[in-house]
Amino acid sequence: MTMDAIQHQTSAGGAEPVAQRGASLWADARRRLARDRWAMLCLGIIAFYVLLALGGAMYEALAAPEGGIPTFEETINFDQSYRPPSLDSLRNLLGTDWAGRSVLLKTVLGAKVSLTVGLMSNLIAVPLGLMLGAAAGYFGRRTDAVIVWLYSTMASVPGIVLLIAMKYAFKNVTFLGLNLGGIHGLYIALGVTAWVGTCRYVRAEVMKVRELEYVLAARAVGRGNVMILLRHVLPNVLHLGIISFSLGVVGAITAEVTLSYLGLGVEVGMPSWGTMIDGARMELHAGRWWELASAVGAMFLLVLALNIFGDRLRDALDPRLKNV
Amino acid sequence: MKYFYIISVLVVAGLSAAPFILLDEENFAGGDDGKVVVYSTYAAKVDSLDPATCGDTTSAMIQGNIYDGLYGYDYLLRPSTVEPVLADGMPHRSPDRLVYTIKLKKGVRYAPNKCFGVGPDGRPLTREVVAEDFVLAFKRIADYHITTRLTLALIEDKIAGIQEYRDRTRAYRQGDFSRYDVVPLAGVEAVDSHTLRFTLTTPFPQFIYVLAMSSYAPIPREVLDYYLTSEPDGKGGRRAVDVSQRRAVISAGDFEAAVGTGPYRLSEFVSGGNIVLTRNEAYREEYYPSPPDLATLDERHRQSVQQAIDEGLYNDAGKRIPFIDTNYMQFIQEDTTAWGLFTAGRTDVSGIPSQMFNTAVTPTAEISGAFRAKGIRLEKYGSPAIYWLAFNVDDPLLSNKSLRQALSLSFDVDRYVDVLFNGRGRRAVNIIPSDMPEFADMPVSRYARYDPQAAMEKMKQARAELEAAGLVAPGEKIKLTLDLGGRENMQRRMGEMARYYFGRLGVDLHVELNDWPTLQEKVHNKRAQIYSMGWHSDYPDPENFLQLFYSPNIMRGTNNTNYSNKLFDQLYEQIATMDPGPERTAIYARMVEMINEDCPQLLLTEPVSFVLMHPWVRNYRPHPIGYGTFKYRRVDQELRKAAGGM
């Protein structure tokens, strides 16, 4: 078998039999997802949230102090405080908060924060988990021992305690011009605490993959370890990263909400679902339910959609379930 | 398998019943044994049980019931009036105003405690208070090894020999208490067992108010010898602690070491947990105040007495105090939880959470019909305190006066009081609380108003000055940081309001939410730019607020805006020795005007508290300055039981 052939097989799905009708693993997964109505519905919901978040980002980019479009802060109108939801205007559709700001706008901007947090933290956590897991699984021995020790230690500390500790540690720290006391620190704190799960899955999978014939063949023809890892092993465990990513977004969103609820999340002035829930929970005593309901409802729908989609994605990418 | 199901059912049933068995009322309350018991809540942790280190209102509230000072305040007279507590009459002051001689009441005893030994019946003993106990208290405050928060700052340069005492005690090890026997404190002497003499370095008209603080209460030497030089050995006895390991301060873990002459003692104490105050069995004969002869009073005092008579606050005149045997205090930070306990009748008195304000209080600030129908009463009272956003005038940007003035003009304080406090506060118009008699003669700050237009003009001037000084580039946004103490909703909303109003001036405000110790540390190390602060009067004299801007007090920590003005300092040194009178008041006014103009802080509010109490509560009147007022409270137990209260 020539090297090209090895590469062809590698990219087509590794150890499992080549997909039926000649489709690649990815094409097959895409086809199976497309046939799954629930997965498509959830994907639609996620896409809707992404559009909302993009809309929020666009609003923030266009709004300028003293400009035509008021910034979120400039929409404060204390005379409009605590207006219940009504169909009078778009502003009042979901009611107003303590400062007279639209809860609808706050929820939309909260979606931007939540999705950004989910995305950014997983952009740190998933590659970290993939690389460390692949290195541990492939090299074994001391490398494996060190990485297993590291993630075992991380896993032995309750996640929320670790997050809180990191948020405190980042207070007043500036790195590359970024204030880590704010949302950037949140990305990093969530990112460096959430890689353990990905690392474990990838390590276990790589331990299997490294013994497969095409890897042995690559080794036999003199390919270096790093090259084998990058060209032949990692592409075959990448689906684990994608699944971790989709489920990790859920974890990051809920962690952001928890941290904001504890007063350790986003900066003051930045709307997020966590700060909305924290701010509105006491309002229930006074019968002001709409802000809490909006934030919880928005988070519930997104988390549910991400969970279901992540689950279906895992099924679609699992070669063992191909014919189910 | 049959047994498995039976055991499972029993386990589930047992677990389900556990809360009802373990958390029944008797366990919660500890049983009342026919005694008068009340239940209350507190929201901030108690930092100190040692009078020498008392520096926050929660600690003072607890300590005020345990320790008595030489003087205190009449419970019902307003404005606040000093009266003797452990002193037998007012002090005798020498003609040069430098020597105060004070006789002590005889027969005053400490709360029984093991440190005094144990009687044949196994009960702890007590002993009489003597003048040497006050000398020891002042020596501890002056001690180099004890970090006081306020007590030393108030007397440091006023009582003779304090600095020498500090210097000499520095040579001793922290745990070597022989320094209290060997090193004399020149300014505090025990003339005989019941006579004290204070020698001052300079006339100090406010000295009587200092002596009215329970932080200067007597400390029996036995407390140090028993609690600080030994520790429990785990077998019911005590073992000696090596000198190198000894603490110099009564810590929260040693709550039994809090031994005073007050009406209560601690029988349980967990900082941030339950606190139980129990009647001091050895408390002297004290009686509820009787109304003074109205003809002998000035107009303001007469009005306050008449009002108290009308409200039935003198109905218990002449009766022996305290009325209440035990006070169970639960640590509850969430005001809505504390509110829930009040509405369920499990506590007697409560503040009103902002979310519930409109339910409990009408737009005309009266109690709502639903609460009135239950007999609940509303008490409104102001406190001699002012809250502000302090500017660190050492900061390069905030050293610019125009910028400080612009920020002051830009913030709508009335709106702030309305939105965040449901109107429970008055806009502060200068640095003197409005219930001080001298307030009427103090100038109102022209920057204590909301004027966006004027703020914008001031901001233009500030920007020009900052650009000229090279501190801000043309077109660059002015960036400032506001540090707030706390991470609750209230602080977050305060931060959002400040961002909104300062943002309208073009200021990019970053808000940091800190816990209280972190904020204090930042302020102490001058790392904060703008920060939330306030001052609650220690005594009813505007001097207590003016000293916050005296530049030597930067080192002592009370001047935390780092404000420095030579003329202000000269005037302060002048008034510091002046007795009350029109001349001193005129100088006060000049000093207040300087602060008005220089704006070292953005004045916010004078707080107004709204308190609800159940119909069975008697004699409740918060004191603006004094803390040990719980001994006057009474509850009508029959009424409480009939109404379904705890």
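Draft legend 1. How the structure looks around the overall build of chain B. When its secondary structure is counted, chain B shows 23 helices and 27 strands. Radius of gyration (C-alpha) of chain B: 27 Å, near the 26 Å computed for a compact globule of 646 residues. For chain B, the spread of C-alpha atoms along the three principal axes comes to 80 × 75 × 65 Å. Residue burial in chain B is summarised as follows: out of 646 residues, 55% are buried.

Draft legend 2. Main features of the interface of chain B and chain A. At the junction of the two partners, chain B supplies 27 residues and chain A supplies 30 residues. Summed over both sides, the interface of chain B with chain A buries roughly 2700 Å², with 47% coming from carbon and sulfur. Interface area lost by chain B to chain A is led by B:Arg487, B:Arg492 and B:Arg493, which between them contribute 26%. At the junction of chain B and chain A, the tally comes to four salt bridges. Between B:Glu496 and A:Arg101 there is a salt bridge, and its shortest N-O distance comes to 2.7 Å.

Draft legend 3. Structural detail: the nonpolar core. B:Leu70, B:Phe198 and B:Leu266 are the most contacted members of the largest nonpolar core, which totals 123 residues. Looking at this core element by element, the count peaks at eight residues for helix α4 (residues 131–142) of chain B. Not counting chain neighbours up to four residues away, the residues in contact with B:Leu266 comprise B:Leu49, B:Ile62, B:Ile66, B:Phe255, B:Ala258, B:Ile275, B:Val276 and B:Leu277. Of all hydrophobic cores here, the second largest spans 44 residues; its members include A:Ile76, B:Ala406, B:Leu513 and B:Leu602.

Draft legend 4. Here's a closer look at the packing of helix α10 (residues 225–261) of chain A against helix α12 (residues 290–317) of chain A. Residues and elements named next belong to chain A. Relative to each other, α10 and α12 sit at 165°, their axes nearing to 9 Å. If you check the angle between α10 and α12, you find them roughly antiparallel. The element α10 and its partner α12 pack so that their crossing is left-handed. Of α12, the residues touching α10 (which contributes His-239, Ile-242, Ile-243, Ser-246, Leu-247, Val-249, Val-250, Ile-253, Thr-254 and Val-257) are Met-299, Leu-302, Val-303, Leu-306, Asn-307, Gly-310, Leu-313, Arg-314 and Leu-317. Grouping the amino acids of the contact of α10 with α12 by side-chain chemistry returns 13 nonpolar, five polar and one charged.

Draft legend 5. The arrangement of the confidence of the model for chain A in detail. The predicted model of chain A has a mean per-residue pLDDT of 82, with 89% of residues at 70 or higher. Overall, residues 1–20 of chain A carries pLDDT values under 50, and its contacts beyond four positions in sequence, including any with other chains, amount to 26 contacts.

Draft legend 6. Layout of the sheet that holds strand β4 (residues 92–93) of chain B. Residues and elements named next belong to chain B. Here four strands make up an open sheet; going across it, the order is β4-β5-β9-β8 and the pairing antiparallel. Edge positions in the open sheet fall to β4 and β8 (188–192), since each of these has one partner strand only. The sheet contact formed by β4 and strand β5 (residues 99–103) spans two bridges and is antiparallel. Among the inter-strand pairings, Arg-93 is bridged to a residue of β5, identified as Tyr-100. Contacts from α4 reach β8 and β9 (195–199) within the one sheet, and its direction differs from that of β8 by about 175°.

Draft legend 7. Here's a closer look at the side chain of B:Thr561. Residues and elements named next belong to chain B. Note on placement: Thr-561 falls in the loop between α20 (553–556) and α21 (566–575). Exposure remark for Thr-561: the relative accessible area of 3% places this residue in the buried category. There is a polar contact of 3.3 Å between the side chain of Thr-561 and the side chain of Asn-559. What Thr-561 contacts, discounting residues up to four positions off in sequence, is Ala-390, Phe-391, Asn-392, Val-393, Asp-394, Tyr-531, Phe-549 and Pro-600.

Draft legend 8. Summary view of unusual backbone geometry. Residue and element names in this part refer to chain B. Look at the link from Arg-78 to Pro-79: it is a cis peptide, with omega at -5°. By secondary structure assignment, the location of Pro-79 is in the loop between β2 (71–73) and β3 (82–84). Each neighbour pair has its own omega, and for Ile-321 with Pro-322 the value is 0°, a cis peptide bond. Along the chain, Pro-322 turns up in the loop between β15 (320–321) and β16 (326–331). One non-glycine residue with positive phi stands out, namely Lys-526, at about 55°. Positionally, Lys-526 belongs in the loop between α18 (516–524) and β23 (530–536). For Lys-526, a relative accessible area of 40% gives the class partly exposed. The phi dihedral of Asn-562 is positive, around 60°, even though this residue is not glycine. Among the secondary structure elements, Asn-562 is positioned in the loop between α20 and α21. On the basis of relative accessible area, Asn-562 is assigned to the buried category, the value being 5%.

Draft legend 9. Representation of the pattern of salt bridges in the model. Residues and elements named next belong to chain B. Summed over the entire model, instances satisfying the criterion amount to 54 salt bridges over all chains. A salt bridge links Arg-284 to Asp-68; the shortest N-O distance between them is 2.8 Å. With Arg-284 in the loop between β13 (275–279) and β14 (286–287) and Asp-68 in the loop between α3 (57–66) and β2, the pair connects residues that are 216 residues apart, well separated along the chain. Summarising the burial analysis for this pair, Arg-284 and Asp-68 share the class buried. A salt bridge links Asp-579 to Arg-97; the shortest N-O distance between them is 3.2 Å.

Draft legend 10. Looking closely at the packing of aromatic side chains. According to the stated counting rule, one finds 36 aromatic pairs over all chains in the structure shown. Ring geometry for B:Phe411 against B:Phe502: centres 6.3 Å apart, planes inclined by 65°, an arrangement best described as edge-to-face. Note that B:Phe411 is positioned in the loop between α14 (401–410) and α15 (413–421) and B:Phe502 in helix α17 (residues 489–503), a separation of 91 residues in sequence. Each member of the pair, B:Phe411 as well as B:Phe502, is classed as buried. One aromatic cluster is present, formed by A:Phe78, A:Trp98, B:Phe411, B:Tyr416, B:Phe421, B:Tyr450, B:Tyr500, B:Tyr501 and B:Phe502 through successive ring pairs. Positioned above the aromatic ring of B:Phe204, the side-chain terminus of B:Lys158 is 4.7 Å from the ring centre. Between B:Arg238 and the ring centre of B:Tyr226, over which it is positioned, the NZ or CZ distance is 4.4 Å.

Draft legend 11. Molecular detail of the side chain of B:Ser214. Assignment of secondary structure puts B:Ser214 in the loop between α8 (207–211) and α9 (221–228). Apart from residues lying up to four places away in sequence, B:Ser214 is in contact with B:Pro51, B:Gln63, B:Gly64, B:Tyr67 and B:Gly69.

Draft legend 12. Focus on the sheet that holds strand β22 (residues 507–514) of chain B. All names here are of chain B. With respect to topology, five strands assemble into an open sheet ordered β22-β21-β23-β19-β24, the strand pairing being mixed. Both edges of this open sheet fall to β22 and β24 (601–603), since each of them pairs with a single strand only. The mean angle between the axes of side-by-side strands here comes to 30°, regardless of whether they run parallel or antiparallel. Helix-sheet contacts for α18 involve β21 (478–485), β22 and β23, and the interaxial angle to β23 is about 100°.

About the criteria used
Residues numbered from 1 in each chain as written. Chains lettered and ligands numbered in written order. Predicted model: local features only at pLDDT ≥ 70, side-chain atom pairs only at ≥ 80, totals over all residues. Heavy atoms only, no water. Helix = DSSP H or I, 4+ residues; strand = E, 2+ residues; numbered from the N terminus. Rg over C-alpha atoms; globule rule 2.2 N^0.38 Å. Buried < 20%, exposed > 50% of the residue type's maximum accessible area, 1.4 Å probe, protein only. Contact = heavy atoms within 4.5 Å. Buried area = accessible area lost by both parts, 1.4 Å probe. Salt bridge = Lys/Arg side-chain N within 4 Å of Asp/Glu carboxyl O. Core = buried A, V, L, I, M, F, W, Y, C linked by side-chain atoms within 4.5 Å. Axes fitted to C-alpha atoms, helices over the stretch in contact; angles between N-to-C directions. Parallel < 35°, antiparallel > 145°, perpendicular 65-115°, else oblique. Left-handed = near helix turned anticlockwise from the far one by under 90°. Nonpolar A, V, L, I, M, F, W, Y, C, P; charged D, E, K, R; others polar. pLDDT = per-residue confidence, 0-100. Pairing = 2+ DSSP bridges. Polar contact = N/O pair within 3.5 Å; in protein donor to acceptor, adjacent residues only side chain to side chain. Phe/Tyr/Trp six-rings, centres within 6.5 Å; stacked < 30°, edge-to-face > 60°. Lys NZ or Arg CZ within 6 Å of the ring centre and 35° of its normal.

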